[in-house]
Amino acid sequence: MSKRIYNFSAGPAVLPEEVLLEAQKDLFNYKDSGMSVMEMSHRSKTYDGIIKSADQDIRKLLDIKDNYSVLFLQGGATLQFSMVPLNLMPPVNKADYIVTGSWAKKAVKEAKKVGTVNIAGSTESENFKRLPKQDELNLDPDSSYVHFTSNNTIFGTQYKTEPEVGSIPLVCDASSDFLHKKIDVNKYGLIYAGAQKNIGPSGVVLVIIRNDLLERSSDSLHTYFNYKVHADAESLYNTPNTFGIYIIGLVTKWLLNMGGLDEMHKLNLEKSSLLYNAIDSSDGYYKGTVADAGDRSIMNVTFRLGSEELEKKFVAEATEAGFAGLKGHRSVGGIRASIYNAFPLKGVEDLVQFMSDFKSKN
Ligand SMILES: *Cc1c(COP(=O)(O)O)cnc(C)c1O
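Definitions and cut-offs
- Residues numbered from 1 in each chain as written.
- Predicted model: local features only at pLDDT ≥ 70, side-chain atom pairs only at ≥ 80, totals over all residues.
- Heavy atoms only, no water.
- Core = buried A, V, L, I, M, F, W, Y, C linked by side-chain atoms within 4.5 Å.
- Buried < 20%, exposed > 50% of the residue type's maximum accessible area, 1.4 Å probe, protein only.
- Helix = DSSP H or I, 4+ residues; strand = E, 2+ residues; numbered from the N terminus.
- Contact = heavy atoms within 4.5 Å.
- Axes fitted to C-alpha atoms, helices over the stretch in contact; angles between N-to-C directions.
- Parallel < 35°, antiparallel > 145°, perpendicular 65-115°, else oblique.
- Left-handed = near helix turned anticlockwise from the far one by under 90°.

Enquirer: What exactly am I supposed to notice about the nonpolar core here?
Expert: Within soluble globular proteins, side chains that are nonpolar generally end up buried alongside one another. Counting 52 residues, the largest nonpolar core has Leu 62, Phe 72, Phe 178 and Ile 208 as the members making the most contacts within it. Counting residues per element, this core draws most heavily on helix 6 (residues 242–257), which supplies 8 residues. Once residues within four sequence positions are removed from consideration, Ile 208 is found in contact with Leu 62, Ile 64, Tyr 68, Ser 69, Val 70, Phe 178, Val 185, Gly 189, Leu 190 and Ile 191. Core analysis: the next-biggest nonpolar cluster, separate from the first, contains 31 residues, Ala 107, Val 108, Leu 190 and Ala 231 among them.

Following this line, the structure appears as structure tokens:
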């Protein structure tokens, strides 16, 4: 296949072309090392440079200070649903969860196996079409942490500012919007993100943890589950996903070359506004699924057409025209355009044109 298509997949998702081409160039013989990154010992000097520079670049992009550890782990965001409560719930053994979608529910399911979960807020009764407001939250001042999902990949909602939780450590599943803009990491106790949406390929999950919280990790935990073990070993307790971390390193370099996260955010706002404007100016032909415009995600744009039949036709014709991955998550239906960092502006412009043509014809 010579031509790349517009890939709106929710994850694994589009990567920057520059990154793919650089990885291709390096694939056979990484910078004259005589071998591919895939063939290299994770304890070699060359690899040490790769993982250290990925760590440093993430710190640079988010201005992360030395009182935080950056970990590259495996098991996806899904294993973090377990590792977070296993490490951080004791000794109080209760935690607050804000439930804003399917992923948050999965996080709750695992946390309940460890201790008491207080649902501090939920919009499930409204089918997650908005986020709970600050004054709707019912936080327990004694809880071990408050968990929330910054971007709800399936329902298309996204926090624009963090929920306020006082001095309780804030824990965030940022899988689908990590590095989409600059955030103040100091507000967080822990952030985790599966790489395959916005920062790299699948198989790596990034964890940023405030070092004082490492003291909560009990020696009785199974070793791999223990954050402190990974922090002490600088993510090399066992063999990490060496190639995945290398790609994350290329993506962070790409972000730095673009001018950093403020520039990225500007571009993300431009892309999402184009698409939301097309939806809002379609006289109801396209309907956004999110109730409060302020809660709309700039990563996953979800909308519906007049009937499921029409949606099927839309997806089929879009696919034919080179727009892949627009079908909404199987649990909710509709249309979802995932426009992560690496998704090109031109692809959004072309989709908007396609939407206009489709509306005229149908
Ligand atoms: C995709 C996703 C997950 C699951 O990630 P895995 O890496 O497949 O475990 C969790 N949370 C959010 C918000 C997601 O978008």
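Enquirer: In this structure, what is going on with the packing of helix 1 (residues 17–26) against helix 6? I would like to understand it.
Expert: Packed helices, taken two at a time, are described by their axes: the angle between them and the distance between them. Two numbers describe how helix 1 lies on helix 6: the axes approach to 9 Å, and their chain directions differ by 135°. Taken together, the axes of helix 1 and helix 6 lie oblique to each other. For the crossing formed where helix 1 meets helix 6, the hand is right-handed. Residue-level inspection shows Glu 18, Val 19, Glu 22, Ala 23 and Asp 26 of helix 1 in contact with helix 6, the latter providing Tyr 246, Ile 247, Leu 250, Val 251 and Trp 254.

Enquirer: Where do I start with the environment of Ser 167 in this structure?
Expert: On the secondary structure map, Ser 167 appears in the loop between strand 7 (157–158) and strand 8 (170–173). Along the backbone, Ser 167 and Gly 189 are 22 residues apart, and their C-alpha atoms lie at a distance of 9.9 Å.

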